[in-house]
Amino acid sequence: MGLTTLTTIREMQAWSASILKEGKTIGFVPTMGYLHEGHASLIRKAKSVCDVVVVSVFVNPTQFAPNEDFTKYPRSIERDTELALTNGVDCVFMPSASEMYPNGTDSVRTTISVNTITEKFEGAFRPTHFAGVALVVTKLFLAVQPTDTFFGRKDYQQTLVIKSLIEDLNFPIRLHVEPTMREKDGLAMSSRNVYLQPQERSSSVIVFRALSSCNNAIANGIRSSAILDSTIQESLNTVENLTIDYAECVLADTLERKAEFVSGDKIVALIAVRLGTVRLIDNEVFVIP
Ligand code: PAF
């Protein structure tokens, strides 16, 4: 099967229906394009699990606030098609904004709001973000009709939103959350890394170092979330021109705080920082020994 490129929801649904009719599984990797090695690893995983792989490329306007980078978000159809071809993707779904939102984004009457886990962290700094993600992912699931979907752990809170969405709306889709892909120095791969100026790029490694310092603190027996938080924050603050939006250790499944972690607790260290105009997020999940 070569690479099929589809741009309408109707075509996408018909394509998937014929695949499902053959009893095959469809692995779906939703993206906003400008594909990189992080996406490629999700695609490879999808190929190893499913019969066919669909990648969507759509920069979704409803998940950006007016002051955010929607218009300057990096886009390249050539780059995305090339990466899809090289990695054996079967179908790329590239709808236009008018295909996804025919009456414009302001005219969408339906909201999909995932509660509680969306309130803190990214949700606090980007209050409309997760509603936009939940809406577009629901629309994409209905267009692609996947049996499996693959998300990167880098957007940790987003993976919890998708898990809730799938469970609460009974989507018959298996969710696979895959490890974050990193550059050699530890920077988590992201399409937005192209925004980093050379000086910011060298400073950006501090985010991974801060996560490593948290790992070391846990290995050294620290169980107080306040001490773990300050370990991460002190590490981040060694870099000039960096603003911390949040840097906290919380329970991984609920994002709730707990003063003292105990053996067996699954926790996540969540970080969001701004370096100049670029916002970086990263995380690491730990099980307390
Ligand atoms: O993670 C992303 O790239 C986006 O949030 C997603 C899931 C493709 C929805 O637009």
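Here, every reference points to the structure presented above.
Reference entry: report on the structure contained in this document. As the structure is a computational prediction, the values presented were derived from the model and not from experiment.

What counts, and where the lines are drawn
Residues numbered from 1 in each chain as written. Predicted model: local features only at pLDDT ≥ 70, side-chain atom pairs only at ≥ 80, totals over all residues. Heavy atoms only, no water. Core = buried A, V, L, I, M, F, W, Y, C linked by side-chain atoms within 4.5 Å. Buried < 20%, exposed > 50% of the residue type's maximum accessible area, 1.4 Å probe, protein only. Helix = DSSP H or I, 4+ residues; strand = E, 2+ residues; numbered from the N terminus. Contact = heavy atoms within 4.5 Å. Pairing = 2+ DSSP bridges. Near = heavy atom within 4 Å. Polar contact = N/O pair within 3.5 Å; in protein donor to acceptor, adjacent residues only side chain to side chain. Axes fitted to C-alpha atoms, helices over the stretch in contact; angles between N-to-C directions. Expected span 1.5 Å × (residues − 1). Arc of directions from axis to C-beta.

### Some thoughts on the nonpolar core
Stage number 1. Judged by nonpolar contacts, the single largest core of 44 residues is most densely connected at M12, V54 and L255.
Stage number 2. Counting residues per element, the ones that place at least two in this core are α1 (9-21), β2 (26-31), β3 (52-57), β4 (91-93), α6 (129-144), α7 (156-168), β7 (242-251) and β8 (266-275).
Stage number 3. Broken down by element, the residue count for this core peaks at 10 residues, all from α6.
Stage number 4. Residue contacts for M12: discarding those within four places in its chain leaves L6, V54, C91, F93, A143 and V144.
Stage number 5. Counting residues in hydrophobic clusters, the runner-up holds 32 residues, among them F64, Y195, C214 and V278.

### A word on the pairing of β7
Stage number 1. With 7 of 10 residues buried, β7 is to be regarded as a mostly interior element.
Stage number 2. Relative to β8, β7 runs antiparallel, the two sharing 9 bridges. Looking across to β8, one finds that Y246 is bridged to A272.

### Re the site of the ligand
Stage number 1. Around the ligand sit P30, T31, M32, N60, Q63, V136, V137, F151, D155 and Q158, and those are all the residues in its vicinity.
Stage number 2. Residue Q63 places a side-chain N or O atom 2.6 Å away from an oxygen atom belonging to the ligand.
Stage number 3. Here an oxygen atom of the ligand sits 2.7 Å away from a polar atom, N or O, in the side chain of Q158.

### Structural notes on the sheet that holds β3
Stage number 1. Strand order in the open sheet made by the 6 strands is β1-β4-β3-β2-β5-β6, with parallel pairing throughout. Of all strands in the sheet, those with a lone pairing partner are β1 (4-6) and β6 (174-178), marking the two edges. Within this sheet the neighbouring strands show an average axis-to-axis angle of 25°, counted without direction.
Stage number 2. By the bridge criterion, 5 bridges tie strand β5 (residues 148-152) to β6 in an arrangement that is parallel. Residue pairing in the sheet places F150 in a bridge with H176 of β6.

### Some thoughts on helix α10 (residues 225-236)
Stage number 1. With 12 residues, α10 extends 17 Å between its outermost C-alpha atoms, agreeing within 8% with the 16 Å of an ideal straight helix rising 1.5 Å per residue.
Stage number 2. Along α10, the positions that sit buried rather than exposed are S225, L228, D229, I232, S235 and L236. Looking down the long axis of α10, one finds its buried residues gathered within 130° of arc, a one-sided arrangement.
Stage number 3. Where α10 is buried, its residues meet α9 (206-219), β7 and β8.

### Some details on the sheet that holds β7
Stage number 1. Taken in spatial order, the 3 strands make up an open sheet running β7-β8-β9, and their pairing is antiparallel. Two strands bound the open sheet, and with one partner strand each, they are β7 and β9 (278-287). For this sheet, the mean angle separating the axes of adjacent strands, direction not counted, is 10°.
Stage number 2. Taken strand by strand, α10 contacts β7 and β8, and its axis lies near 155° from that of β7.

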